[in-house]
Amino acid sequence: MNATAPKPLEPFIHLDGVTKSYRAGRKQHLAISDASFDVMPGELVALVGPSGCGKSTLLKILAGLHGHDEGTVKIGSPNHPFDPARDVGMVFQAPLLLKWRRILDNVLLPAELLGLPMAAARERGRGLLSLVGLEGYEDKYPYELSGGMQQRAAIARALIHDPKLVLMDEPFGALDALTREKMNLELLRIWKESGKTIVFVTHGISEAVFLGSRVVVFTAGPARMADNFMIELPHPRTLDMKTQETFGVYTRRVYKLLGME
């Protein structure tokens, strides 16, 4: 007797024909046109495209901060409901730490706002600071940390309430090149250890290919999906992979889609 085949995994995020426009004076500005792609549970999906093409707008739609004009946005399922107010963690380009709060207290801010039990949250916060490599820095103030360390604290803050989805909007864009490379490696480690679903916005082609289990390419505004493909590179990923031919094939594919070849 044949064993029952496992049910295929359902997408955690499903976008189909999503369109978004803004009114600028008397004119309508089309920010997103016909965005259609899926994100599977536990994926790290990189959205890459030129600055100003609508990637950040799309992230805000996923976060429930913006509505959309046309198309379908589905996150979660009837058996696994999704509440943007509770189930989203966000990391921005700037760490946005409160300068008068110690690092652990900054990490605990979402837990306070959501009214979570603080004793358990404080214990989880210490564990997350250890996860992001900041054990021993709990009582420091933001000015006592480097830019990369502050961004690690921002990642811990995004995870404190155990969100189902982490949205990252060019979180390493303000860092120097060497720190950015190090943070890429750290993010991959944190993603693997936390098991979170992450949508990562960048205009760095190499960064998108290095981080993504899948890359979604958007052309210049309005954001229109030009391609959506898996990155078949092994884990753990290493910086040496960037010198390999397979990595170059992926990056050239993106360059070509963006008209840069």
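In what follows, the structure referred to is the one given above.
These remarks concern the structure in this document. Given the structure is predicted, the values throughout are model-derived calculations rather than measurements.

### Digging into the pattern of salt bridges
Alright, step 1. One pass over the full model with this rule turns up 13 salt bridges.
Alright, step 2. The salt bridge involving Arg-152 is made with Glu-186; its shortest N-O contact spans 3.4 Å. Here the residue Arg-152 occupies a position in helix α6 (residues 147-159), and Glu-186 occupies one in helix α7 (residues 177-194), the gap between them amounting to 34 residues.
Alright, step 3. Taking the relative accessible area as the measure of exposure, Arg-152 reaches 11% and is therefore buried.
Alright, step 4. Linking Arg-253 and Asp-227 is a salt bridge whose minimum nitrogen-to-oxygen distance equals 3.0 Å. Highlighted residues: Arg-253 in helix α9 (residues 245-257) and Asp-227 in strand β9 (residues 225-230), separated in sequence by 26 residues.

### Overview of the packing of α6 against α7
Alright, step 1. One can describe the packing of α6 onto α7 by two numbers: an axis separation of 11 Å at closest approach and a directional angle of 25°. Relative to α7, the element α6 lies roughly parallel. Two packed elements cross with a definite hand, and for α6 against α7 that hand is right-handed. For the pair α6 and α7, contact is made by Gly-148, Gln-151, Arg-152, Ile-155 and Leu-159 and by Thr-179, Lys-182, Met-183, Glu-186 and Ile-190, respectively.

### Points about the side chain of His-161
Alright, step 1. Here His-161 is to be found in the loop between α6 and β6 (165-169).
Alright, step 2. What makes His-161 buried here is its relative accessible area of 5%.
Alright, step 3. If we skip the residues at most four places from it in the chain, His-161 touches Arg-86, Val-88, Gly-89, Pro-110, Leu-114, Leu-116 and Arg-124.

### Focus: unusual backbone geometry
Alright, step 1. Here the residue pair His-235 and Pro-236 is connected by a cis peptide bond, since its omega of 0° sits within 30 degrees of zero.
Alright, step 2. Here Pro-236 is to be found in the loop between β9 and α9.
Alright, step 3. Even without being glycine, Leu-96 reaches a positive phi, approximately 55°.
Alright, step 4. You can see Leu-96 is positioned in the loop between β5 (88-91) and α3 (103-107).
Alright, step 5. Look at Leu-96 and you get exposed, because its relative accessible area is 53%.
Alright, step 6. If you check the backbone angles, Asp-162 has positive phi at about 55° while not being a glycine.
Alright, step 7. Checked against the element boundaries, Asp-162 lands in the loop between α6 and β6.

### So, helix α5 (residues 118-131)
Alright, step 1. In a regular helix each residue adds 1.5 Å, so 14 residues correspond to 20 Å; α5 covers 19 Å between its end C-alpha atoms and thus fits that length.
Alright, step 2. Among the residues making up α5, those that are buried are Ala-121, Gly-125, Leu-128, Leu-129 and Leu-131. One face of α5 carries all of its buried residues, which in axial projection span an arc of 145°. Exposed and facing more than 90 degrees away from the buried side of α5 are Ala-119 and Glu-123.

Calculation rules
Residues numbered from 1 in each chain as written. Predicted model: local features only at pLDDT ≥ 70, side-chain atom pairs only at ≥ 80, totals over all residues. Heavy atoms only, no water. Salt bridge = Lys/Arg side-chain N within 4 Å of Asp/Glu carboxyl O. Helix = DSSP H or I, 4+ residues; strand = E, 2+ residues; numbered from the N terminus. Buried < 20%, exposed > 50% of the residue type's maximum accessible area, 1.4 Å probe, protein only. Axes fitted to C-alpha atoms, helices over the stretch in contact; angles between N-to-C directions. Parallel < 35°, antiparallel > 145°, perpendicular 65-115°, else oblique. Left-handed = near helix turned anticlockwise from the far one by under 90°. Contact = heavy atoms within 4.5 Å. Expected span 1.5 Å × (residues − 1). Arc of directions from axis to C-beta.

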